[in-house]
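# Coordinate inspection notes
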Amino acid sequence: MGGGSPDRPDESEAYRALAEQSATYFNRYKDVFVPLENQYIQSVFDAGSGAAYQDAQNTATSLAQSQFDQRIGGLQSGMLAKGVDPTSGRFQGATSDAFEKLGSIRGLAGADAGINNTDRFLGGIQNVVKMGQGLASEAMQGQIGLAQTAEDKIRSQFSTDFEDDQQKSQALGTAAGMAAGGAYNYYGSN
Amino acid sequence: MSWLTEYLQSLPDEARQQFFDFYGDGGESQAAQIGNSGTAASPVYNYNPNQNPYGGVNPSAYAGDDKEGASRLFADIIRAQTDDYLNRFAPIEDFLAGTITRTGTTFLEGDMARTREAVMGGGLAAQGQYSRNLERFGVMGKQLDNSMATTSALVGGLNDTRDRDEDRKLALLGGGLGSIAPKIRSSQGAT
């Protein structure tokens, strides 16, 4: 019938069916999976955009700020409850130390989130490369996963720093209390 | 895919162009199309994921050829898969391979800029909040001197950023690039 040499035997019916089946599967792949793969590729490149970095960093700094707000409130309330005068060196020193920590932790949390986002973007790119090479792909870590990681790190860091601070404050408070007696009892004198 | 080529040739110019605009036109890798039109710290990557370089393979294209019909059909499928790879995936491989530098990756510059900005911004935010916090207790005009803490955080943050970029390079070369990793390793003189 068609193109081949007359000496060659015909291809088997099963082989021809296999080729047709492969073509059908291939067309299904084109119609169904290629658009989905393209969506995934687009989402990977979106994850590497400036907006994605901004989102990741804003989330991390907000988490850091939120953790700090709770802890600075507790620290200052505790000092006030013990009668420490806000104009005192003890109160202002502890507050100053805490805000120094805030600046560093907030900044590093934002930086860490940026680096994590680069890793996330690259992880997605690697998956796309594996898709193209016909290898298994791994799930790409989402923003929610990144936020959870950031929150865990920040909580841990604030816990350590504030425990250190409170131990130092207590030691300083003891020394100041021995030196100055109750003279710093701001609320007591008002 | 000669049937497709013949079909496309039979279309009016405008319709054929619309087809190529939507599906792409096959052929070689379009690596040059992926680039960053933003900045290192705020990247904007250009990639057209809507490329679909083939219009399908007709399962009955060689139905009358009993001797080589199946082989020719398989050949069409392989060519279509190769076109797809060249158009959609090879540019991304090129992009990923191009991010590897001798000391790390090209992402280092952006990460360093973001780290610098984040740490300096954190220090400034703390200064403003400190003054406002003490004002609530009636203590006015206090300034937070956190320059040492901010500098220390900045140095640590930048070192960490650099270390993590080196780790990233190693992770990429260690398998994240799939089969192109050995090529880059050998091109950099590694064993």
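Structure report, in brief. As the structure is a computational prediction, the values presented were derived from the model and not from experiment. (Residues numbered from 1 in each chain as written. Chains lettered and ligands numbered in written order. Predicted model: local features only at pLDDT ≥ 70, side-chain atom pairs only at ≥ 80, totals over all residues. Heavy atoms only, no water.)

### Digging into the overall build of chain B
A count of helices and strands for chain B gives 6 helices and 0 strands. Each helix and strand of chain B, placed in order from N terminus to C terminus, yields the pattern α-α-α-α-α-α. The buried share of chain B, reckoned over its 191 residues, is 46%. Counted over contacts in chain B with a minimum sequence separation of 6, partners at least 24 positions apart contribute 64%. Looking at chain B as shown, the accessible area adds up to about 9,700 Å², and 52% of this sits on carbon and sulfur atoms. (Helix = DSSP H or I, 4+ residues; strand = E, 2+ residues; numbered from the N terminus. Buried < 20%, exposed > 50% of the residue type's maximum accessible area, 1.4 Å probe, protein only. Contact = heavy atoms within 4.5 Å. Areas by Shrake-Rupley, 256 points an atom, 1.4 Å probe, with all protein chains shown as cover.)

### Let's talk about the layout of surface pockets
In this structure, the largest pocket spans a volume of roughly 260 Å³. At the level of secondary structure, the elements contributing two or more residues to the lining of the largest pocket comprise helix 2 (50–81) and helix 3 (89–132) of chain A together with helix 4 (107–135) of chain B. A total of 6 residues in the lining of the largest pocket trace back to one element, the largest contributor, which is helix 2 of chain A. Of the residues belonging to the lining of the largest pocket, the class tally is 3 nonpolar, 10 polar and 3 charged. (1 Å grid on protein atoms, 1.4 Å probe; cavity = no way out; pocket = protein on both sides within 12 Å on 5 of 7 lines; lining within 4 Å. Points joined across faces, edges and corners; volume = space filled by probe spheres on them. Nonpolar A, V, L, I, M, F, W, Y, C, P; charged D, E, K, R; others polar.)

### Observations concerning the packing of aromatic side chains
According to the stated counting rule, one finds 12 aromatic pairs over all chains in the structure shown. Taking the centre distance of 5.8 Å and the plane angle of 90° together, the rings of Phe121 of chain A and Phe107 of chain B count as edge-to-face. With one member in each of two chains, Phe121 of chain A in helix 3 and Phe107 of chain B in helix 4 form a pair that bridges those chains. Judged by its relative accessible area of 0%, Phe121 of chain A falls in the buried class. Judged by its relative accessible area of 6%, Phe107 of chain B falls in the buried class. An aromatic cluster is built from Phe45 and Phe121 of chain A together with Tyr45, Phe95 and Phe107 of chain B, whose rings are joined through pairwise contacts. (Phe/Tyr/Trp six-rings, centres within 6.5 Å; stacked < 30°, edge-to-face > 60°.)

### Focus: a nonpolar patch on the surface
A cluster of nonpolar side chains, contributed by Val32, Phe33 and Leu36 of chain A, occupies part of the molecular surface with about 260 Å² of accessible area. Note on placement: Val32 of chain A falls in helix 1 (residues 13–47). (Patch = residues over 30% accessible without salt bridge, like charges linked within 9 Å, V, L, I, M, F, W, Y side chains within 5 Å. Salt bridge = Lys/Arg side-chain N within 4 Å of Asp/Glu carboxyl O.)

### Overview of the packing of helix 1 of chain A against helix 3 of chain A
Residues and elements named next belong to chain A. Running from N to C, helix 1 and helix 3 point in directions that differ by 155°, and their axes come no closer than 8 Å. Between helix 1 and helix 3, the crossing angle belongs to the class labelled roughly antiparallel. Crossing hand, helix 1 versus helix 3: left-handed. Residues Glu37, Tyr40, Ile41, Val44, Phe45 and Ala47 of helix 1 lie in contact with helix 3, whose contacting residues are Asn117, Arg120, Phe121, Gly124, Ile125, Asn127, Val128 and Met131. Residue classes in the contact of helix 1 with helix 3 are distributed as 9 nonpolar, 3 polar and 2 charged. (Axes fitted to C-alpha atoms, helices over the stretch in contact; angles between N-to-C directions. Parallel < 35°, antiparallel > 145°, perpendicular 65-115°, else oblique. Left-handed = near helix turned anticlockwise from the far one by under 90°.)

### Quick look at helix 3 (residues 69–98) of chain B
Taking 1.5 Å of rise per residue, the 30 residues of helix 3 of chain B would be expected to cover 44 Å, and the 41 Å separating its terminal C-alpha atoms lies within 8% of that figure. Along helix 3 of chain B, the largest kink reaches about 45° and is centred on Phe89 of chain B; proline Pro91 of chain B follows within four residues of it. (Expected span 1.5 Å × (residues − 1). Bend = angle between axes of the 7 residues up to and from the residue.)

### Brief notes about helix 2 of chain A
Between its first and last C-alpha atoms helix 2 of chain A spans 46 Å; for 32 residues at 1.5 Å apiece the expected length is 46 Å, and the two agree. Two residues or fewer past helix 2 of chain A, Gly83 of chain A is found with a positive phi of approximately 85°.

### Focus: the nonpolar core
Within soluble globular proteins, side chains that are nonpolar tend to cluster in buried spots. Ile41, Phe45, Phe121 and Ile125 of chain A together with Ile92 and Phe95 of chain B are the most contacted members of the largest nonpolar core, which has 19 residues in total. At the level of secondary structure, the elements contributing two or more residues to this core comprise helix 1 and helix 3 of chain A together with helix 3 and helix 5 (147–176) of chain B. The element that contributes the greatest number of residues to this core is helix 3 of chain A, accounting for 5 residues. Non-local contacts of Ile92 of chain B, meaning those with residues more than four positions away in its chain, are made with Ile41, Phe45, Ile125, Val128 and Val129 of chain A together with Ile34 and Tyr47 of chain B. In this structure, Phe68 of chain A together with Leu134, Val139 and Leu144 of chain B belong to the second largest nonpolar core, which totals 16 residues. (Core = buried A, V, L, I, M, F, W, Y, C linked by side-chain atoms within 4.5 Å.)

### Details of the side chain of Asn27 of chain A
Take Asn27 of chain A: it is sitting in helix 1. Looking at Asn27 of chain A, the relative accessible area reads 16%, which means it is buried. What Asn27 of chain A contacts, discounting residues up to four positions off in sequence, is Gly56, Val57 and Pro59 of chain B.

### Let's talk about the interface of chain B and chain A
Contacts between chain B and chain A engage 68 residues on the former and 68 residues on the latter. Of the roughly 5,900 Å² buried where chain B meets chain A, counting both sides, 62% is carbon and sulfur surface. Looking at the side of chain B facing chain A, the largest losses of area belong to Asp66, Lys67 and Phe137 of chain B, adding up to 12% of the total buried there. Across the contact surface, chain B and chain A share 6 salt bridges. (Buried area = accessible area lost by both parts, 1.4 Å probe.)

### Here we look at the environment of Ile100 of chain B
Residue and element names in this part refer to chain B. Inspection of the secondary structure assignment puts Ile100 in the loop between helix 3 and helix 4. Taking relative accessible area as the criterion, Ile100 reaches 10% and is therefore assigned buried. Residues Ile100 and Glu166, spaced 66 residues apart in sequence, show a C-alpha to C-alpha distance of 9.9 Å.

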